[in-house]
Amino acid sequence: MKNLIQDLKQQKNAIILAHNYQPIDVLEVADFMGDSFELAKKAQETDADIIVFAGVSFMAESAKILNPNKKVLLPSLKATCPMAGMVNKEKLSKLKEQYPNASFVCYINTLAETKAMCDYCVTSSNAVKICNKIESKEIVFLPDRNLAAHVQEKLPQRTIIPFNGYCYIHQYADKKVFENAKQKYPDAPLLLHPETPLALYEYADEVLSTGGMVEYAQKSNANVILIGTEEKMAERLKYEFPEKEFIPLLKRCSGMGEISLESIYESLKNEQHEISLISELMNQAKIPLERMMKMG
Ligand code: 13P
Ligand code: SF4
């Protein structure tokens, strides 16, 4: 299957971009792996004709919006992020009426129609940096209430108005699992993702994007690291740093789990499922995304 995928990539001048939550067999056929921001950057830089996205739909949509002339494929229509669907046009319009003087910042984990109504887009790696550069004091941040709280904690001079969305994987992190892991590995640092509720930060040595976790693992002298984000992140780290141990503390994201070698092969062979958005929507959604690419 891996050989067939490599052949198809060559024939079609295609690349595979894989999110850090993908398992090793998918990473082995990927041309690049990274966090949401790193993948968006790679998608902008490539001269491939086809981009296959081994991740969830908001990532593939963002790649398409930034590269309207390229064919962007998502191997499974079920590869979605539930948090992205928590906010919609109607809810956002109400907030815009309620906060006419605020800047609207959306997490990249949103649908294109949400991005099209916002001023700035951010990812977990640059949310604090970008919010700090925005002029208005009042910022409506959506959809993740936990990332919003993280930004508020780092930028007390701003008023962050959170939307009430969340990621079910990070929201329902179990503190008992953290406590047991800390007891079993007392010297191991514990890394959390900023989609985690602030109440759990007391267990964290660092709060990082998935790309930040890769960087941390590279620099750290620790032989064992506790990974407080989606389950497969530990596998991704082991793939790059086989001499270290990474202990996963959270569950598998079902949207990410929709991607497999088989679905990637079918996607490349049949050029399915192509991301297609109306050009007016893409032009609007491109504004906050391009601001992020410049500021992030
Ligand atoms: P990163 O941008 O940190 O990879 O996060 C994406 C995501 O969906 C986390 O759950
Ligand atoms: Fe969405 Fe959470 Fe899955 Fe990330 S881990 S893609 S935020 S559901």
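Scroll up to find the structure.
This section reports on the structure supplied with the text. Source: prediction; values computed, not measured.

1. Quick look at unusual backbone geometry
For the bond from Leu142 to Pro143, the omega torsion is 0 degrees, close enough to zero to count as cis. Checked against the element boundaries, Pro143 lands in the loop between β7 (138–142) and α8 (145–154). Note that the residue after Gln272, namely His273, is joined by a cis bond; omega there is -15 degrees. Mapping His273 onto the fold places it in the loop between α13 (261–270) and α14 (279–295). The backbone phi angle of Asn13 is positive, close to 50 degrees, even though this residue is not glycine. Within the secondary structure, Asn13 is located in the loop between α1 (2–12) and β1 (14–19).

2. Quick look at the site of ligand 2
Inspection of the region around ligand 2 gives Tyr21, Val56, Cys81, Pro82, Met83, Asn109, Cys167, Tyr168, Glu195 and Cys253 as its neighbouring residues. Counted by class, the shell around ligand 2 contains eight nonpolar, one polar and one charged residues.

3. Things to note about the nonpolar core
Of all hydrophobic cores here, the largest spans 110 residues; its most connected members are Ile16, Phe53, Phe141, Phe178, Ile227 and Ile264. If sequence neighbours within four positions are ignored, Phe141 has contacts with Val105, Val122, Ala127, Cys131, Leu147, Ala148, Val151, Ile160, Ile161, Pro162 and Phe163.

4. Examining the sheet that holds strand β5 (residues 103–107)
The parallel open sheet is built from four strands, whose spatial order is β6-β5-β7-β8. Each edge of the open sheet carries a strand with a single partner, namely β6 (120–122) and β8 (159–162). Across the sheet, the axes of successive neighbouring strands diverge by a mean angle of 30 degrees, strand direction being ignored. With three bridges connecting them, β5 and β6 associate as parallel partners. What sits directly across from Val105, in β6, is Tyr120.

5. Considering the environment of Ala116
Note on placement: Ala116 falls in the loop between α6 (112–115) and β6. Given a relative accessible area of 16%, Ala116 falls into the buried group. Distance from Ala116 to Glu215, taken between C-alpha atoms, is 32 Å for residues 99 residues apart in sequence. In this view, Ala116 contacts Leu281, Gln284 and Ala285; residues no more than four positions away in its chain are not counted.

6. Structural notes on the pairing of β8
Every regular strand shows the same layout, with side chains that alternate between the two sheet faces. As defined by bridge partners, β7 adjoins β8 across four bridges and the pair is classed as parallel. If you follow Ile139 over to β8, its bridge partner there is Ile160. Each parallel crossover has a hand, and the one from β7 via α8 to β8 is right-handed.

7. A short note on the site of ligand 1
The full set of residues close to ligand 1 is His19, Tyr21, Asp35, Ser36, Asn109, Ser124, His170, His193, Glu195, Ser209 and Thr210. Separating an oxygen atom of ligand 1 from a side-chain N or O atom of Asn109 is a distance of 3.4 Å. Within the side chain of Ser124, an N or O atom sits 2.7 Å from an oxygen atom of ligand 1. If ligand 1 stood free it would expose 300 Å²; the protein chains cover 95% of that surface. Taken together, the residues of the shell around ligand 1 sort by class into one nonpolar, eight polar and two charged.

8. Considerations on the pairing of strand β11 (residues 224–228)
Most of β11 is tucked away, with four of its five residues classed as buried. Bridging between strand β9 (residues 190–192) and β11 involves three bridges; their strand directions are parallel. Counterpart to Leu190 in the pairing with β11 is Leu226. Here β11 runs beside strand β12 (residues 245–248); their pairing, made up of four bridges, is parallel. Across the sheet, residue Ile227 finds its bridge partner in β12, namely Pro248. Note that the unit made of β11, helix α12 (residues 233–240) and β12 has a crossover that is right-handed.

9. Things to note about α14
Here α14 contains 17 residues, and its C-alpha end-to-end distance of 24 Å stays within 8% of the 24 Å for a straight helix at 1.5 Å per residue. The largest bend in α14 amounts to roughly 35 degrees and is located at Lys286, with the proline Pro288 lying one to four residues further along. Buried within α14 are the following residues: Met282, Ala285, Lys286, Pro288, Leu289, Met292, Met293 and Met295. Buried positions along α14 lie against α3 (36–45), α4 (57–66), α6, β6 and α7 (127–133).

10. Details of the packing of α1 against α13
In contact at an axis separation of 10 Å, α1 and α13 are set at 30 degrees when each is read in the N-to-C sense. With respect to α13, the axis of α1 lies roughly parallel. Classified by chirality, the crossing of α13 by α1 is left-handed. Note on element contacts: α13 touches α1 through Leu261, Ile264, Tyr265, Leu268 and Lys269, opposite Lys2, Leu4, Ile5, Leu8, Lys9 and Lys12. Tallied by class, the residues present in the contact of α1 with α13 amount to seven nonpolar, no polar and four charged.

So, how was this worked out
- Residues numbered from 1 in each chain as written.
- Chains lettered and ligands numbered in written order.
- Predicted model: local features only at pLDDT ≥ 70, side-chain atom pairs only at ≥ 80, totals over all residues.
- Heavy atoms only, no water.
- Helix = DSSP H or I, 4+ residues; strand = E, 2+ residues; numbered from the N terminus.
- Near = heavy atom within 4 Å.
- Nonpolar A, V, L, I, M, F, W, Y, C, P; charged D, E, K, R; others polar.
- Core = buried A, V, L, I, M, F, W, Y, C linked by side-chain atoms within 4.5 Å.
- Buried < 20%, exposed > 50% of the residue type's maximum accessible area, 1.4 Å probe, protein only.
- Contact = heavy atoms within 4.5 Å.
- Pairing = 2+ DSSP bridges.
- Axes fitted to C-alpha atoms, helices over the stretch in contact; angles between N-to-C directions.
- Right-handed = clockwise from strand over helix to strand, strands pointing away.
- Polar contact = N/O pair within 3.5 Å; in protein donor to acceptor, adjacent residues only side chain to side chain.
- Areas by Shrake-Rupley, 256 points an atom, 1.4 Å probe, with all protein chains shown as cover.
- Expected span 1.5 Å × (residues − 1).
- Bend = angle between axes of the 7 residues up to and from the residue.
- Parallel < 35°, antiparallel > 145°, perpendicular 65-115°, else oblique.
- Left-handed = near helix turned anticlockwise from the far one by under 90°.

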